[in-house]
Amino acid sequence: MTVVNIDDLREAASRRLPKLFFDYIDGGSFAEETYRRNREDFSQLSLRQTVLADSAEPDLSTDYLGHRHALPFMLGPVGFLGLYSRNGEQKAARAADAARIPFALSTFSIASLAEVRRASSGILHFQLYVLDDHELGEQFLRAAEDAGAEALYVTVDTAITAIRERDVRNGFRSLTRVSPRLFASLCGKPAWLFDIAQGGMPSVKAVEHRPDFGSGALEQAANLSRRIDKRLAWHDIARLRDRWKRKLVIKGILSPDDAEKAKAIGVDGAVISNHGGRQLDGATSTISALPGIRAAVGPDFTLMLDGGIRRGSDIIKALGSGADGVMLGRAYTYGLAAAGQSGVAQAIEILRQEISITLTLMGCGSIGELKSKGPHFVLKTKPSA
Ligand SMILES: Cc1cc2nc3c(=O)[nH]c(=O)nc-3n(C[C@H](O)[C@H](O)[C@H](O)COP(=O)(O)O)c2cc1C
């Protein structure tokens, strides 16, 4: 099939992946209201067209989280990439490095931090789920330091995992082993099965030394989710701030109050996120939450945004509304599932090209200009719900 945009990569991913993995990536929680809102609310904003602006190719580089990056977006943490494509985490890291943007590895990964580091010398970040097992948490932090992870995202919107109804219907939530029914469904996607089977039975490297997490990725994943610390509180973030000397970013902020608390505790930034509509259904979209949060924390506190990014224009709207940078979730995961490393590269290139063309048509010469004159370029068309 011809791939022109991220939706096409999504379609290609749905053809290649077993249904239960595709639905796990694609779905949101409960009625999927927030999941839809993340997309819909981008269309509440419009872009100013300016003509005859004598535009050269716009400069897409910009600063976030301590570096100047080639593009204003990066690859955010997505769990179990190695189940969608063999060595998926390494492939995503390599594609990010080739585009000179960071890759954030999820706690819930098939590959270990060390394996990802061996595969790529690019900028690596690590996403931490704080587990009720503090010794294991400390091992994660040491592995992140050893692998040269420059930033740590502590995800705070998962005190309990919401029900994703597509997963329940597929039997995915209760799955810990490859049942005959699952095996039959996996065989329906031979290209995917052949690729994954070459790596043997996938398992989560970071807990391979822990028999209490079980064996095989499915059982380990179920146990890891169960072990997320439900009682995580602000004082734990303060402790983590003392422990982790590099960039610390809190992921899953959606209200100005929480953003102010994060700033007061001394973290380096926040990701405005509702976990891609996979957690609190009914929560606001991230793009509608952004202006209030920016107003609360002031201009100098780093704000990243994720949720529903499928178009270059979404990224431009986020940056023009006060985000320092944007993180991709499903957009690159569809690419990985569809075509491995080249699929991730294709997702990045599609968005790069869309941003470049859009800025040119807006008469805007750079991401820097977009950020500094945000309200000039990004206009509110309708009041948000
Ligand atoms: C399949 C999948 C797995 C995810 N796993 C994680 C994870 O392990 N840690 C985390 O902090 N966020 C995780 N997220 C959330 C993403 O980091 C991000 O917040 C979300 O995907 C953004 O929405 P978008 O996919 O619509 O762009 C996951 C998202 C998806 C779709």
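These figures come from a predicted structure and were not determined experimentally.

### Brief notes about the environment of Glu-369
By the element assignment, Glu-369 lies in helix H17 (residues 367-372). Given the relative accessible area of 22%, Glu-369 is considered partly exposed. On a C-alpha basis, the gap between Glu-369 and Gly-320 in space is 9.3 Å, while along the polypeptide they are 49 residues apart. Filtering out sequence-adjacent residues up to four positions away, Glu-369 remains in contact with Gly-363, Cys-364 and Phe-377.

### Thoughts on the UniProt feature "binding site: glyoxylate" (unreviewed entry) in the protein chain
Feature annotation in UniProt assigns "binding site: glyoxylate" (unreviewed entry) to the following positions: Tyr-24, Tyr-129, Arg-164, His-275 and Arg-278. A relative accessible area of 10% places Arg-164 in the buried class. Look past the residues within four positions of Arg-164 in its chain and what remains in contact with it is Tyr-24, Gly-28, Ser-29, His-275, Arg-278 and Gln-279. Along the polypeptide, Arg-278 turns up in the loop between strand S9 (269-272) and helix H14 (286-297).

### Observations regarding unusual backbone geometry
With phi around 45°, Phe-30 is a residue other than glycine that occupies positive phi space. Counting through the fold element by element, Phe-30 comes out in the loop between helix H2 (19-26) and helix H3 (33-40). Backbone geometry at Glu-32 places phi at a positive 60°, although glycine is not the residue there. Relative to the helices and strands, Glu-32 resides in the loop between H2 and H3. The exposure class assigned to Glu-32 is buried, which follows from its relative accessible area of 13%.

### A closer look at the pairing of strand S7 (residues 151-155)
Counting buried positions over the 5 residues of S7 gives 5, a clear majority of the element. Because side chains alternate across S7, one face comprises the buried residues Ala-151, Tyr-153 and Thr-155, and the other comprises Leu-152 and Val-154, equally buried. Of the strand pairs in this sheet, strand S6 (residues 124-128) and S7 are connected by 4 bridges, and their pairing is parallel. What sits directly across from Leu-128, in S7, is Val-154. Crossover handedness for the path S6 to helix H7 (residues 134-146) to S7: right-handed. Judged from the 5 bridges that link them, S7 and strand S8 (residues 247-253) form a sheet pairing that is parallel. The residue of S8 that forms the bridge with Tyr-153 is Val-249.

### Overview of the nonpolar core
Counting 118 residues, the largest nonpolar core has Phe-73, Leu-75, Tyr-84, Phe-103, Tyr-332 and Leu-370 as the members making the most contacts within it. Counting residues per element, this core draws most heavily on helix H16 (residues 330-362), which supplies 14 residues. When neighbours within four sequence positions are excluded, Tyr-84 is seen to be in contact with Arg-16, Leu-17, Phe-21, Tyr-24, Ile-25, Val-78, Gly-79, Trp-192, Ile-196, Thr-333 and Ala-337.

### Some thoughts on the packing of helix H1 (residues 6-16) against H16
Viewed as axis vectors pointing N to C, H1 and H16 meet at an angle of 170°, and their least axial separation amounts to 10 Å. Here H1 lies roughly antiparallel to H16, going by the angle between them. Contacts between H1 and H16 involve Ile-6, Leu-9, Arg-10, Ala-12, Ala-13 and Arg-16 from the former and Ala-331, Tyr-334, Gly-335, Ala-337, Ala-338, Gly-343, Gln-346, Ala-347, Ile-350 and Leu-351 from the latter. Class assignment of the residues belonging to the contact of H1 with H16 gives a composition of 11 nonpolar, 3 polar and 2 charged.

Calculation notes
Throughout this document, residue positions are counted from 1 along each chain, in the order its sequence is written. The predicted origin of the model limits local features to residues at a pLDDT of at least 70 and limits the giving and counting of side-chain atom pairs to 80 or more, whereas totals for whole chains, interfaces and linings rest on all residues. Only heavy atoms go into the side-chain values, all of them from the structure, while hydrogens and water stay out. Think of it this way: any DSSP run of H or I at least four residues long counts as a helix, any run of E at least two long counts as a strand, and we number them from the N terminus. Accessibility here uses a 1.4 Å probe with only protein chains present; expressed as a share of the type maximum, an area under 20% marks a residue as buried, one over 50% as exposed, and anything in between as partly exposed. Whether two residues touch is decided by their heavy atoms; if any such pair falls within 4.5 Å, the residues are in contact. UniProt positions are given in the numbering used here, feature names are shortened, and annotations may be inferred rather than shown by experiment. Two strands form a pair only when DSSP identifies at least two bridges running between them. Classification remark: right-handed applies to a crossover when, strands pointing away from the viewer, the course from the first strand over the helix to the second runs clockwise. As used here, the term nonpolar core means buried Ala, Val, Leu, Ile, Met, Phe, Trp, Tyr and Cys residues forming a set that is joined through side-chain atoms within 4.5 Å. Angular values range over 0 to 180 degrees, each being the angle between N-to-C directions of two axes fitted as lines to C-alpha atoms, with helices fitted over their stretch in contact. Here is the rule for angles: anything less than 35 degrees is roughly parallel, anything more than 145 is roughly antiparallel, 65 through 115 is roughly perpendicular, and the remaining ranges are oblique. Polar here means any residue outside two lists: the nonpolar Ala, Val, Leu, Ile, Met, Phe, Trp, Tyr, Cys and Pro, and the charged Asp, Glu, Lys and Arg; Gly therefore counts as polar.

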